[in-house]
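Okay, here's what each chain looks like letter by letter:
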Amino acid sequence: MEFRKTLVFALVSGFISAVLSISIPLYLDSLGYSLPDIGYILGFATILSALIGIALAALGDHLGRRLLIIFYSGAMAAGTAIMAFIPSPIAFITGRAISSFAGNNQWNTLLARVSDLSKRENRAAMVGTYTAAFALSYSVSHLIAGAIIDNFGFLAAFSAAIATMLLLAGLAALFLEVGSRKHRFHLSFNVLRTWDGKLNMLVSFCTGFTNIAYMYVMYLFFTHRYGFDATQTGFFIAATFVIWSISSYLIGPYIDRNGLKKAIFLGAILNSAAWFAAVWFQDLPPFLLILAIDNITWPLYGLGVTKISTIIPERENIGRDVSIFGFAHVCGIIAASFLGGVLAEMSFGHAFAARAVAVLLGGCIVFFLMKTRD
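Residues numbered from 1 in each chain as written. Predicted model: local features only at pLDDT ≥ 70, side-chain atom pairs only at ≥ 80, totals over all residues. Heavy atoms only, no water.

Looking at the overall build of the protein chain
Logical step 1: Helix and strand counts for the protein chain come out as 14 helices and 0 strands.
Logical step 2: Ordered by position from the N terminus, the helices and strands of the protein chain form the series α-α-α-α-α-α-α-α-α-α-α-α-α-α.
Logical step 3: Looking at the 374 residues of the protein chain, the share that counts as buried comes to 60%.
Logical step 4: When contacts within the protein chain are restricted to residue pairs at least 6 apart in sequence, those whose partners lie at least 24 apart make up 88%.
Logical step 5: Carbon together with sulfur atoms contributes 70% to the accessible area of the protein chain, which is approximately 14400 Å² in total. (Helix = DSSP H or I, 4+ residues; strand = E, 2+ residues; numbered from the N terminus. Buried < 20%, exposed > 50% of the residue type's maximum accessible area, 1.4 Å probe, protein only. Contact = heavy atoms within 4.5 Å. Areas by Shrake-Rupley, 256 points an atom, 1.4 Å probe, with all protein chains shown as cover.)

Pasting the structure below:
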């Protein structure tokens, strides 16, 4: 029952993430900001968002996940309201920092909750099911969000996201606490004393950096390269992201059965090959095929590295330790934020190549250097 509640939460979260993902870059673009400017704004916002996540994750281990999830939902609404109703760069950076901090930490906390509800033997399957629910809503909601923007404007899209965030807080209030809270509150970083812990920081950074292709570059690629409006952009992204949802659901059990390291390495090779191809093939039909291959193969890598981040930590400190790896992931997003606009300004292919290198590097670290057993 608790996992079903978590899946409903994932469906609602997917709508919010889609609205923000498509609205923020298109909104900044409509205000006349260049690609590097957008990268700098989102980069500074992400830096601010990363500063206090580990401490709050430790609170989640001590006090439970439920209260933090409610808090993060409210914080996301507050941050989005600042972005939507105060049109200035400083307000946008501040609002995005708050909403991004809350969103990133909420994802880590939900991941810890799924870990509480699962065992090592079936964790990839459960994470895959959770990701599939999120991805299904996230993909379809791109089309909905694009239609809202084109018909009612950016303010309406942001307002819809804010209302849904408040709904999330109400949904989280229905959760039962399932994690252990009997240990003392502490902020040790013992997980980083292990060889695999150190390496997983690098893998998490690489995984965060892979966002360079999607975080805002992809939306502006569709509008600048093909001249699409928000609805058209949302349609094509939705059509390819649906594949991610299906693939996540199917690949999770495959990883549990056949092993993490092989799955991650296979996914890294196939996924990076698709993005290297995107450097040269950018006409619409072949590019959509490349995005389809990306969404088919990404769960092999993405679900695998997510599972690793949940089996390395000590059981009683899983929320804090997952968030330590989540901090490295956010650092990768920060780097991607700043570099994405600069590289895309030169050529969108440069950003796609950077994505390919990042996922291939992460896969090689896991396969050749990590000692974690499947």
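Topic: the confidence of the model for the protein chain
Logical step 1: In the predicted model, the protein chain carries a mean pLDDT of 86, and 89% of its residues have values of at least 70.
Logical step 2: Mean pLDDT in the protein chain bottoms out at helix H3 (residues 53-63), which sits at 58, and peaks at helix H14 (residues 348-369), which reaches 97. (pLDDT = per-residue confidence, 0-100.)

So, the side chain of Ser73
Logical step 1: Along the chain, Ser73 turns up in helix H4 (residues 65-85).
Logical step 2: Engagement of the side chain of Ser73 in a polar contact is seen with the backbone oxygen of Ile69, the distance being 3.0 Å.
Logical step 3: A distance of 2.9 Å separates polar atoms of two side chains, one belonging to Ser73 and the other to Gln106.
Logical step 4: Filtering out sequence-adjacent residues up to four positions away, Ser73 remains in contact with Phe9, Gln106, Met165, Leu168 and Ala169. (Polar contact = N/O pair within 3.5 Å; in protein donor to acceptor, adjacent residues only side chain to side chain.)

Things to note about the packing of helix H6 (residues 123-152) against helix H7 (residues 154-172)
The description of two helices packed together rests on the angle between their axes and the distance between the axes.
Logical step 1: With their axes 7 Å apart at the nearest point, H6 and H7 run at an angle of 135° to one another. As far as their axial angle goes, H7 and H6 are oblique. Here H6 contributes Ile148, Ile149 and Phe152 to the contact with H7, which in turn contributes Phe154, Ala156 and Ala157.
Logical step 2: When grouped by side-chain class, the residues that make up the contact of H6 with H7 number 6 nonpolar, no polar and no charged. (Axes fitted to C-alpha atoms, helices over the stretch in contact; angles between N-to-C directions. Parallel < 35°, antiparallel > 145°, perpendicular 65-115°, else oblique. Nonpolar A, V, L, I, M, F, W, Y, C, P; charged D, E, K, R; others polar.)

Focus on the packing of helix H12 (residues 284-311) against H14
Logical step 1: It is at 12 Å that the axes of H12 and H14 come closest, and there the two elements cross at 35°. The way H12 lies across H14 gives a crossing that is left-handed. Residues Phe287, Asp294, Trp298, Tyr301 and Ile308 of H12 form the contact with H14, whose participating residues are Phe352, Arg355, Val359, Gly362, Gly363 and Val366.
Logical step 2: Looking at the contact of H12 with H14, its residues break down into 7 nonpolar, 2 polar and 2 charged. (Left-handed = near helix turned anticlockwise from the far one by under 90°.)

Comments concerning the side chain of Ser247
Logical step 1: Position of Ser247 relative to the elements: it lies in helix H10 (residues 230-258).
Logical step 2: Judged by relative accessible area, which is 7%, Ser247 ranks as buried.
Logical step 3: Residues in contact with Ser247, not counting those within four places in the same chain, are Asn295, Ile296 and Pro299.

Digging into the packing of aromatic side chains
Logical step 1: Inspection of the entire model under this criterion finds 31 aromatic pairs.
Logical step 2: Ring centres of Phe71 and Tyr72 lie 5.8 Å apart, and the angle between their planes is 55°; this geometry places the pair in the tilted category.
Logical step 3: What makes Phe71 partly exposed here is its relative accessible area of 44%.
Logical step 4: The buried category is assigned to Tyr72, whose relative accessible area is 0%.
Logical step 5: Between Phe134 and Trp244, the ring centres sit 6.3 Å apart and the planes meet at 80°, which makes this aromatic pair edge-to-face. (Phe/Tyr/Trp six-rings, centres within 6.5 Å; stacked < 30°, edge-to-face > 60°.)

Structural notes on the pattern of salt bridges
Where side chains of opposite charge bring their charged atoms close, a pairing between them can arise.
Logical step 1: With the rule as written, the count across this model stands at 3 salt bridges.
Logical step 2: Between Lys307 and Asp256 there is a salt bridge; the shortest N-O distance is 2.6 Å. In this pair, Lys307 sits in helix H12 while Asp256 sits in helix H10, placing the two residues 51 residues apart along the sequence. Each member of the pair, Lys307 together with Asp256, is buried.
Logical step 3: With its nearest N and O atoms 3.0 Å apart, the salt bridge here joins Asp294 to Arg355. Linking Asp294 in helix H12 with Arg355 in helix H14, this pair joins segments that are 61 residues apart in sequence. (Salt bridge = Lys/Arg side-chain N within 4 Å of Asp/Glu carboxyl O.)

Thoughts on the state of the cysteines
Logical step 1: Enumeration over the complete set of coordinates arrives at 0 disulfides.
Logical step 2: Cys364 supplies the cysteine sulfur nearest to Cys206, a cysteine that is in no disulfide, at a spacing of 9.8 Å.
Logical step 3: Residue class for Cys206 comes out buried when judged on its relative accessible area of 8%. (Disulfide = S-S within 2.5 Å.)

As for the nonpolar core
Logical step 1: In this structure, Met218, Trp275, Tyr301 and Phe352 are the most contacted members of the largest nonpolar core, which totals 112 residues.
Logical step 2: Ranked by residues supplied to this core, first place goes to helix H1 (residues 2-30) with 15 residues.
Logical step 3: In contact with Trp275, other than residues within four places in its own chain, are Ala213, Tyr214, Met218, Leu291, Asp294, Phe352, Arg355 and Ala356. (Core = buried A, V, L, I, M, F, W, Y, C linked by side-chain atoms within 4.5 Å.)

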